[in-house]
Amino acid sequence: MRVELVSPKDDLIAAIASRLSGEGKDYSRTWIVFPEKRPAYYLRKMLAVREKTGFIPPRIDSIDEFVNNVYAERLGLRDRPIDVLDAIALLFETHRNSPGRMGQDHFVSADQFFTLGAKLFNDLEELNAAAVRKEDLLSMDHWADEAIPPETMNRLQSLSFFYERFYDELETQGYSTQSSRFRKVVARIRPELFEDIDQFIFAGFFSLTKIEANLLKAMMMWDKFELFILKGKGIGLLLDKLGIADGTLRKKIEEPEPGPPLEFIQSADTHGQIFALNSVLEDRLRDPKLLNEKQVIVLPAAETLFPLYQQTLSALSEDHFNISMGYPLSRTPIFSFFDKLLELIQSNDEEGRIYVPNYLRFVLHPYTKNIYFPGPGMRADLTRILFHAIEEELTRLRTKAFWSLEELENDAGIREAIQDRVRNVENAPVIMAFVEHLRSIHARTLALFAEIRNVGDFAEKLIRVLNYVYENSTARLHYFFHPYAEAFLARLDALARSLLRETVFSEKGSYFNLFRKVIASGSVPFYGTPLRGLQVLGFWETRCIPFEDVYILDMNEESSRPPSGRTRSCRSPRAWPLNFPPTGTKSGGWNITSTLSSRRLRRSISSSSRIKTKRKAASSRNSSGKNRRKSGNRGPPNI
């Protein structure tokens, strides 16, 4: 085993590349493992530049990919990875059969249980990854110094009930989770499984669960194993967890290193941050050839992505920037469209008539009012004329709050309003063509949900509506529609195929609530080719990558948020004395210091509110970034 400490200034990727010694142009007998997927692109590019010809690259995985590949390829285990929706379905069945149900009379239907189930699944995976036994969970020894409220103790009892039964049920049904695959790999991994591999390199790790630490400790006993540690705040915790007692290595960790010049900018809101960023990047935005993959804009808050794209990135061609991060599905225009559609259906009265304000919000959504009018030319303007005429007439008749779809399609006043609006429109269709178009839109959106058989049927109808909008409107021309639509289709298809598909609700509102919770737990994965101009990444995607210019937006107290997909725990709010990894704050501090450590160029950090550090951060007096103060070379702040 070889352990090497790498300063961020020295470039982790370059350090690894220097250790690779393939046979000619063949590096396939080396297996490299990073915490994330992204460093693999940088390493392959560095090797391509070095070789200047075709070559066989090493095998490069994230740690989760490594475990999954060993599980299937080397151990020959073929059970199915469980989707979170299926996991929630299994937990819901366990919940319903529990003698002392968590929440008692609450969470009795799948839509009510969904949020709790997602949090519970996350907790069970953390417990399993921490190699916690049921006895550990219930042992009062862990709580000797704590005064545990009865409600919290009951919650622990319920958690232990799920912890025992959930993984037993997974085995019975032929499923596996990431943590269960980890545990089997750790128990069975041995050098004889890898006769085709001469060199293992694990690099850039900091925060490890107990099961991850056990994997590394098992492999550290092999002669062909190498560990590259990226120096940063708190890295000694990793050495402690791995049982590395090398005094020379620990002395190097304690040696201070000069940091890069830092610049803090304070602005009032997100748009102020973008304006300040644009002023810093002004020269590069004018000449995109100055942009490269060593420059990164870091977005701890995913909701900043859309303003950044509209006000900064849209001025560049697609060859000059790359986005790779997760964006919440619930903040996309597609969710807004479905939310208005389902809100309208849910507001129907006892006779099935629609509520006018909700109807207008739905038909005036950009996706609905820009459905192409049938016929030559693919004209969306005629549909806008149709719905604005309906808006005009329904607003005039505001005393009538509920209408049936048939009344809207046959109302003489609406037809007259349409006639008035198309009087001077060139090549306008006849009035009956507008009426038929309205009927078609109603039939292919609202009428589909008149009857819902079960969750699977509901999800399939949502897919039909999304396909209709894609094929028959200008929606696909909007910003990011395609990645949004692909993520929605994947999520809805998973729901239609999940173990929840046969679930039947007595109320339509339960289907709609389930949809909102399913979407709220999902995100759009932007998987861009990373080596193409200015990089836009989430906070955790920056790990192990050697950047030279770093611009961090929303750099406030909680900038080191957990990775996307992590849900707030439903465990006890008290600290857990179990085998969990360091908190997000410690991991975030390590990631900040390693990311900001520079080899040559300054760093610019834009903040939307005052930054609290042990050193008082300077700030600008306006969002244009004119009055800034630099921190010089005193090192990164202790965030």
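As a reminder, the structure under discussion sits directly above these lines.
Right, let's walk through the structure included here. (Residues numbered from 1 in each chain as written. Predicted model: local features only at pLDDT ≥ 70, side-chain atom pairs only at ≥ 80, totals over all residues. Heavy atoms only, no water.)

### Overview of helix α24 (residues 508-520)
Along its 13 residues, α24 runs 19 Å from first to last C-alpha, staying within 8% of the 18 Å computed at 1.5 Å per residue. Those residues of α24 not exposed but buried are G509, S510, Y511, F512, L514, F515, R516, V518 and I519. Residues of α24 that are buried sit in contact with α4 (84-96), α5 (110-129), α15 (333-346), α22 (455-472) and α23 (481-497). (Helix = DSSP H or I, 4+ residues; strand = E, 2+ residues; numbered from the N terminus. Expected span 1.5 Å × (residues − 1). Buried < 20%, exposed > 50% of the residue type's maximum accessible area, 1.4 Å probe, protein only. Contact = heavy atoms within 4.5 Å.)

### Re the side chain of E409
Mapped onto the secondary structure, E409 falls in helix α19 (residues 405-410). Engagement of the side chain of E409 in a polar contact is seen with the side chain of H442, the distance being 2.8 Å. Excluding residues within four positions of it along the chain, E409 makes contact with R415, V435, L438, R439 and H442. (Polar contact = N/O pair within 3.5 Å; in protein donor to acceptor, adjacent residues only side chain to side chain.)

### Some remarks on the sheet that holds strand β6 (residues 199-203)
One open sheet holds the 5 strands; their spatial order is β1-β7-β6-β2-β3, and the pairing between them is parallel. Whereas interior strands pair on both sides, the edge strands pair on one side only; in this sheet they are β1 (2-6) and β3 (59-62). Averaged over all adjacent pairs, the angle separating strand axes in this sheet is 20°, with direction ignored. Examined bridge by bridge, strand β2 (residues 30-34) and β3 share 4 bridges and lie parallel to one another. Following the sheet pairing, W31 is matched in β3 by R59. (Pairing = 2+ DSSP bridges. Axes fitted to C-alpha atoms, helices over the stretch in contact; angles between N-to-C directions.)

### Some points on the packing of aromatic side chains
Overall, the coordinates contain 39 aromatic pairs when judged by the stated rule. Ring centres of F306 and F480 lie 6.1 Å apart, and the angle between their planes is 70°; this geometry places the pair in the edge-to-face category. Of this pair, F306 sits in helix α14 (residues 305-311) while F480 sits in the loop between α22 and α23, and the two are 174 residues apart along the sequence. Pairing F480 with F526 gives two aromatic rings, centres 5.2 Å apart and planes at 70°, and the pair type is edge-to-face. With F480 in the loop between α22 and α23 and F526 in the loop between β14 (523-525) and β15 (534-538), this residue pair connects regions lying 46 residues apart in the sequence. For the residue pair F480 and F526, the accessibility class agrees, reading buried in each case. The ring of W403 is capped by K400, whose NZ or CZ atom sits 4.1 Å from the centre of that ring. If you follow R476 out to its NZ or CZ, it ends over the ring of Y470, 5.3 Å from the centre. (Phe/Tyr/Trp six-rings, centres within 6.5 Å; stacked < 30°, edge-to-face > 60°. Lys NZ or Arg CZ within 6 Å of the ring centre and 35° of its normal.)

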